[in-house]
Number of protein chains: 4
Amino acid sequence: MASSLIAIVAGVGPGTGASVARKFSKTYPVVLLARKPENYEGLAKEINSHGGKAIGISTDVSDVTSLKNAVDTIKKEFGNHVGAAAAIFNASGPFMRKPFLEIPPEVFQSSLAVSATGGVLFSQSFLPLLLNGVKLNSDHPPSLIFTGATASVKSNAQMASFSTGKWALRALSQSLAKEFGPQGVHVAHAIIDGVIDIPRTKEWLKDMPPEAKLSADGIANDYWWLHTQPKTNFTWEIDLRPAVEKW
Amino acid sequence: MASSLIAIVAGVGPGTGASVARKFSKTYPVVLLARKPENYEGLAKEINSHGGKAIGISTDVSDVTSLKNAVDTIKKEFGNHVGAAAAIFNASGPFMRKPFLEIPPEVFQSSLAVSATGGVLFSQSFLPLLLNGVKLNSDHPPSLIFTGATASVKSNAQMASFSTGKWALRALSQSLAKEFGPQGVHVAHAIIDGVIDIPRTKEWLKDMPPEAKLSADGIANDYWWLHTQPKTNFTWEIDLRPAVEKW
Amino acid sequence: MASSLIAIVAGVGPGTGASVARKFSKTYPVVLLARKPENYEGLAKEINSHGGKAIGISTDVSDVTSLKNAVDTIKKEFGNHVGAAAAIFNASGPFMRKPFLEIPPEVFQSSLAVSATGGVLFSQSFLPLLLNGVKLNSDHPPSLIFTGATASVKSNAQMASFSTGKWALRALSQSLAKEFGPQGVHVAHAIIDGVIDIPRTKEWLKDMPPEAKLSADGIANDYWWLHTQPKTNFTWEIDLRPAVEKW
Amino acid sequence: MASSLIAIVAGVGPGTGASVARKFSKTYPVVLLARKPENYEGLAKEINSHGGKAIGISTDVSDVTSLKNAVDTIKKEFGNHVGAAAAIFNASGPFMRKPFLEIPPEVFQSSLAVSATGGVLFSQSFLPLLLNGVKLNSDHPPSLIFTGATASVKSNAQMASFSTGKWALRALSQSLAKEFGPQGVHVAHAIIDGVIDIPRTKEWLKDMPPEAKLSADGIANDYWWLHTQPKTNFTWEIDLRPAVEKW
């Protein structure tokens, strides 16, 4: 029944999400969730043309109905009894690094809608499929992995529109780890502490050696490692940073 | 100009909020914010009849317009140049302690709307008044104090609809402490770790000695202590628990 | 029987320890512990000439025998049934801020001998007196307070010879808080996060305003506040830093 | 030059240390450090007879001279320019879970001598070899890994003789991660949060399913995973616990 186990990745831009999707697509059909088709179309095509299977679904993780549609689409594609081997929440809302009093309230609300509420809705949508994965005896414990950041554990001046959502997401992941670990689902949280080497950051840290940035493929490897931990040895949280990072 | 310095307390039920309001009313006129008049009317009457000054304003801290109205009402009452000596955010949203998959998404949304967004909107509304308090040379550094809970630092199974908001609020308070401390505003966060001795908890911990519960007046004393710290010695965070508490 | 309640302060140099001793001497006879008489003689004289009572005892907190002698001396002076209202551990070992491989092992050993072992021995010596204080119905719960630092919660490069002892001391204080809280002793830990304004630091932060340094008297006030918390409302940990501190 | 890269494991009893040594022996000659030969002889024989290479050296990690002898022995065996690909500190001192006032001071001292001072001396002894490993271009960044416990982050009542050393060790690992990461050495700390399934714990948790205990081989796999992380993606800390663990 391995064919009915899938991996779901929310938040697939050109960085971590895409690397994670590629990595997990070597073993599972992957479902790519992003608000805009242009964020998953190229990646789905790439995976499908390299012998994997991927479908993309336009989804707003902060919207209950949108997520219900995503689950329906998945069931149409993979069957009503589909199980998830992995569900990875890599989405982040918009935020502003500015003096607190200059940030419009809507920025906080949008950021919390994705990072906090989005994390909740994503988990409520896909935990039933992960629990199906447990019943289907997946080779590795079904895994629910959340992408965090430095701002998940440290809340700096002018960063509150980012950190509030990220702390909330970390709280969610810890609570779910305690509730669903005993049910066989591995819930984990990764603190990405540094700049990820993606096209958008090409011009950053130019005076530093190339290894001053995190590798997105390296993050994907680490998520895969978390996924393959047996249920005797679950890690809830890892931090990841370049060797040269100041911290 | 001391007469133009006020204290604002959001979330005044029969517990911590009321004790805090009573304590600060010995020095400042207090503004009581609660959604329903029945939550502040008795307290306002009590304070006014004991030689203090209190006004109550029906306010939903999760609503920008409602908070704007509150600020307008305050300015009508205390003048456009009113300063705040203290603003205390003691509100909490509704939550459910239940298996995660049985909690309606609206519960998470309401909880985050008060604890996270509410904390943000309250701060954006009253930090300008606290900064006015700095200019007015208040005797003690104007203080913005947030009430947290055990769930602000520990996210237990089935508690995510409470902890997500509380972690977000703690992140907010830490970021604001770093940004507004240098501007003279003392931002603090209190982790209330235990059952508070209020009418609603009368039947709780009945097999324990009376001192197994936190005193709400004691919490108010500690908030006052935080308020009186000089700007050479600011505390961002305190925890508070009964001596007999298991932790 | 209030006369048989004393306060003990270990680590009385010209900074925090002296301020704490002065503050507590307004209510209790104080015992000043330091390795060298020159560290307590002037202070004892000052307190005694201002209407308080102080005795100094040359004590090495890392040495069991030396602490036994101190306890004996105290009992000779204040009676066998003397109780302690407060015992404050403010001692720190020597350390070096240098590349790890250039620090002689003895530096680590001396630092741990004072901060870690010293904290243990001090606590084992004076907890019996604090428990006596509980029996003697001291007005405020007898308090065992430890002075920590930024390095108690953050271990920076080249700081390990300081942080190892400070983290150990914090662990000690947390364990003791949990064990002795229910027995009526208030155990607390203070994270001093910044430069204290004492003669030795006169030349530091000269380009900053005077309030960029912590006031030692302010710290003493905060320790006194911790001491006066009732047993319904114990704080285990506070942080203290100047408003302008970067953190 | 791969032949001149070795792995060193301190604290090899029948549990984690042995599993880690077996795992790393598949790639590197391993040096087994333990106070008593009976703790490494069987393991060394087993590794040598299975195609690996292992030598044991009787070593007291709390003793500078003993560690110097160990380094000398290693250089005699593997050459003066030997590099270390990994050094794993898995030693723990003795401790007592008892009321604080009933624990002899020597227990604290012995515990700190191994966990805190031992960690320091081990690191000072083998970091030069790990830095050699960097120069020798080891396939994976040379790794210094410390074994922690629940008591590394939580200090319960009656556990201070264990937690003081473990918190100190965690502080050490964090400081070294920051100092030696930029020099190419990967310093990591593992929080083992649960009972490890070893002969000594056979009778523990008998009413629980077998997966209620951590697998020692699983821990070894995770240490190997840490070791293989590239220098763009270093993890400082992981926690490890059985899926069913209450936490």
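Residues numbered from 1 in each chain as written. Chains lettered and ligands numbered in written order. Predicted model: local features only at pLDDT ≥ 70, side-chain atom pairs only at ≥ 80, totals over all residues. Heavy atoms only, no water.

K.L.:
So, the overall build of chain A: which residues are in play, and what are the values?
P.N.:
A count of helical and extended segments in chain A gives 6 helices and 7 strands. Each helix and strand of chain A, placed in order from N terminus to C terminus, yields the pattern β-α-β-α-β-α-β-α-β-α-β-α-β. For a compact globule of 247 residues, the expected C-alpha radius of gyration is about 18 Å, and chain A comes in at 17 Å, within 12% of that figure. A separation threshold of at least 6 residues defines the contact pool for chain A, and within that pool the share at least 24 residues apart is 68%. Approximately 9,300 Å² of chain A is accessible, and the part contributed by carbon and sulfur atoms is 52%. Treating the 24 positive side-chain charges of chain A as one cloud and the 21 negative ones as another, the clouds have centres 2 Å apart. (Helix = DSSP H or I, 4+ residues; strand = E, 2+ residues; numbered from the N terminus. Rg over C-alpha atoms; globule rule 2.2 N^0.38 Å. Contact = heavy atoms within 4.5 Å. Areas by Shrake-Rupley, 256 points an atom, 1.4 Å probe, with all protein chains shown as cover. Lys, Arg positive; Asp, Glu negative; His and termini not counted. Charge placed at Lys NZ, Arg CZ, Asp CG, Glu CD.)

K.L.:
Got a sec to walk through a nonpolar patch on the surface? Specific residues and values, please.
P.N.:
All names here are of chain A. A grouping of W204, L205 and M208 is seen on the molecular surface, where their side chains present a nonpolar patch of about 270 Å² in accessible area. Structurally, L205 is set in the loop between β6 (186–192) and α6 (216–228). Its relative accessible area of 32% is what places L205 among the partly exposed residues. (Patch = residues over 30% accessible without salt bridge, like charges linked within 9 Å, V, L, I, M, F, W, Y side chains within 5 Å. Salt bridge = Lys/Arg side-chain N within 4 Å of Asp/Glu carboxyl O. Buried < 20%, exposed > 50% of the residue type's maximum accessible area, 1.4 Å probe, protein only.)

K.L.:
An account of the interface of chain A and chain D is requested, with residue identities and associated values reported.
P.N.:
Taken together, the contacts link 29 residues of chain A with 29 residues of chain D. Buried surface at the junction of chain A and chain D, summed over both partners, amounts to about 2,600 Å²; 55% is from carbon and sulfur atoms. At the junction of chain A and chain D, the tally comes to 2 salt bridges. Where E211 of chain A meets K231 of chain D, a salt bridge forms, and the shortest distance between an N and an O atom there is 3.4 Å. For the pair chain A and chain D, the interface holds 18 residue pairs in polar contact (both at pLDDT 80 or more). For the side of chain A that touches chain D, the secondary-structure elements that each account for two or more residues are α5 (160–180), α6 and β7 (237–240) of chain A. (Buried area = accessible area lost by both parts, 1.4 Å probe. Polar contact = N/O pair within 3.5 Å; in protein donor to acceptor, adjacent residues only side chain to side chain.)

K.L.:
Provide a residue-level description of the pattern of salt bridges, including the pertinent values.
P.N.:
All names here are of chain C. Under the defined criterion, the tally for this structure stands at 28 salt bridges over all chains. The closest approach of N and O atoms between E203 and K206, which form a salt bridge, is 3.1 Å. In this structure E203 comes out as exposed when scored by relative accessible area, which is 54%. Overall, K206 belongs to the exposed group, its relative accessible area being 58%.

K.L.:
Lay out the pairing of strand β7 (residues 237–240) of chain B in plain terms, naming residues and giving numbers.
P.N.:
By the alternation rule, side chains of β7 of chain B split into E237 and D239 of chain B and I238 and L240 of chain B, which are all buried. For the crossover that starts at strand β6 (residues 186–192) of chain B, traverses helix α6 (residues 216–228) of chain B and ends in the parallel β7 of chain B, the hand is left-handed. (Right-handed = clockwise from strand over helix to strand, strands pointing away.)

K.L.:
Account for helix α1 (residues 16–25) of chain D, naming residues and giving values.
P.N.:
Residues and elements named next belong to chain D. Of all 10 residues in α1, 8 are buried; the element is thus mostly enclosed. Along α1, the residues that are buried comprise T16, G17, A18, S19, V20, A21, F24 and S25. Looking at the buried residues of α1, the elements they touch are β1 (5–10), β2 (30–34), α2 (41–49), β4 (83–89) and α6 (216–228).

K.L.:
Account for the relation of the copies chain A and chain D, naming residues and giving values.
P.N.:
When chain A is brought onto chain D, the operation consists of a screw motion whose angular component is 180 degrees and whose axial shift is 0.0 Å, with 0.0 Å RMSD remaining. The relationship between the two copies is best expressed as a two-fold rotation axis. In terms of C-alpha distance to the rotation axis, chain A has I238 of chain A as its closest residue, with the C-alpha 2.6 Å off the axis. Both copies share a contact surface, since 100% of the interface residues of chain A are interface residues in chain D too. (Least-squares fit on C-alpha atoms with pLDDT ≥ 70 in both.)

K.L.:
Before we move on, can you summarise the relation of the copies chain B and chain A with the specific residues and values?
P.N.:
Note on the copies: chain B fits chain A at an RMSD of 0.0 Å, the axial shift is 0.0 Å, and the rotation between them is 180 degrees. When the interface residues of chain B are mapped onto chain A, 100% of them again fall at the interface, so both copies present the same face.

K.L.:
Mind laying out the packing of aromatic side chains, listing which residues take part and the relevant values?
P.N.:
All chains considered together, the criterion is met by 38 aromatic pairs over all chains. Taking 5.3 Å as the distance between ring centres and 50 degrees as the angle between the ring planes, the aromatic pair formed by F89 of chain C and F122 of chain C counts as tilted. With F89 of chain C in strand β4 (residues 83–89) and F122 of chain C in helix α4 (residues 105–135), this residue pair connects regions lying 33 residues apart in the sequence. You'll find F89 of chain C and F122 of chain C in the same group, each marked buried. An aromatic cluster is defined as three or more aromatic residues linked by ring pairs; in this entry it consists of F89, F122, F126 and F146 of chain A. Directly above the aromatic system of W247 of chain B lies the positively charged group of K178 of chain C, at a separation of 5.0 Å from the ring centroid. (Phe/Tyr/Trp six-rings, centres within 6.5 Å; stacked < 30°, edge-to-face > 60°. Lys NZ or Arg CZ within 6 Å of the ring centre and 35° of its normal.)

K.L.:
Provide a residue-level description of the environment of L5 of chain A, including the pertinent values.
P.N.:
Residues and elements named next belong to chain A. You can see L5 is positioned in strand β1 (residues 5–10). L5 sits in the buried class, given a relative accessible area of 5%. Distance from L5 to E41, taken between C-alpha atoms, is 22 Å for residues 36 residues apart in sequence. If near-sequence neighbours (up to four positions away) are discounted, L5 is found in contact with Y28, P29, G83, A84, A85, G133, L136 and S138.

K.L.:
Tell me about the packing of α1 of chain D against α2 of chain D, residues and numbers included.
P.N.:
Residue and element names in this part refer to chain D. Following both chains from N to C, one finds α1 and α2 inclined at 25 degrees, their axes separated by 11 Å at the closest point. Taken as axis vectors, α1 and α2 run roughly parallel relative to one another. Crossing of α1 against α2: the hand is right-handed. Where α1 abuts α2, its residues A18, A21, R22 and S25 lie against L43, E46 and I47. Of the residues belonging to the contact of α1 with α2, the class tally is 4 nonpolar, 1 polar and 2 charged. (Axes fitted to C-alpha atoms, helices over the stretch in contact; angles between N-to-C directions. Parallel < 35°, antiparallel > 145°, perpendicular 65-115°, else oblique. Left-handed = near helix turned anticlockwise from the far one by under 90°. Nonpolar A, V, L, I, M, F, W, Y, C, P; charged D, E, K, R; others polar.)

K.L.:
An account of the side chain of T232 of chain D is needed here, citing residue identities and associated values.
P.N.:
One can find T232 of chain D in the loop between α6 and β7 (237–240). Apart from residues lying up to four places away in sequence, T232 of chain D is in contact with E211, K213, L214, S215, R241 and P242 of chain A.

K.L.:
An account of helix α3 (residues 64–78) of chain A is requested, with residue identities and associated values reported.
P.N.:
Residue and element names in this part refer to chain A. The terminal C-alpha atoms of α3 lie 21 Å apart, and with 15 residues this matches the ideal 21 Å at 1.5 Å per residue to within 8%. Among all positions in α3, only S66, L67, A70, V71, I74 and F78 are buried. One side of α3 holds all its buried residues, which, seen down the axis, span an arc of 140 degrees. In this structure, α3 carries T65, K68 and K76 as exposed residues pointing more than 90 degrees from its buried face. Structurally, α3 contributes buried residues whose contacts are with β1, β2 (30–34), β3 (54–58) and α4 (105–135). Phi turns positive one or two residues past the end of α3, at G79, with a value near 95 degrees. (Expected span 1.5 Å × (residues − 1). Arc of directions from axis to C-beta.)

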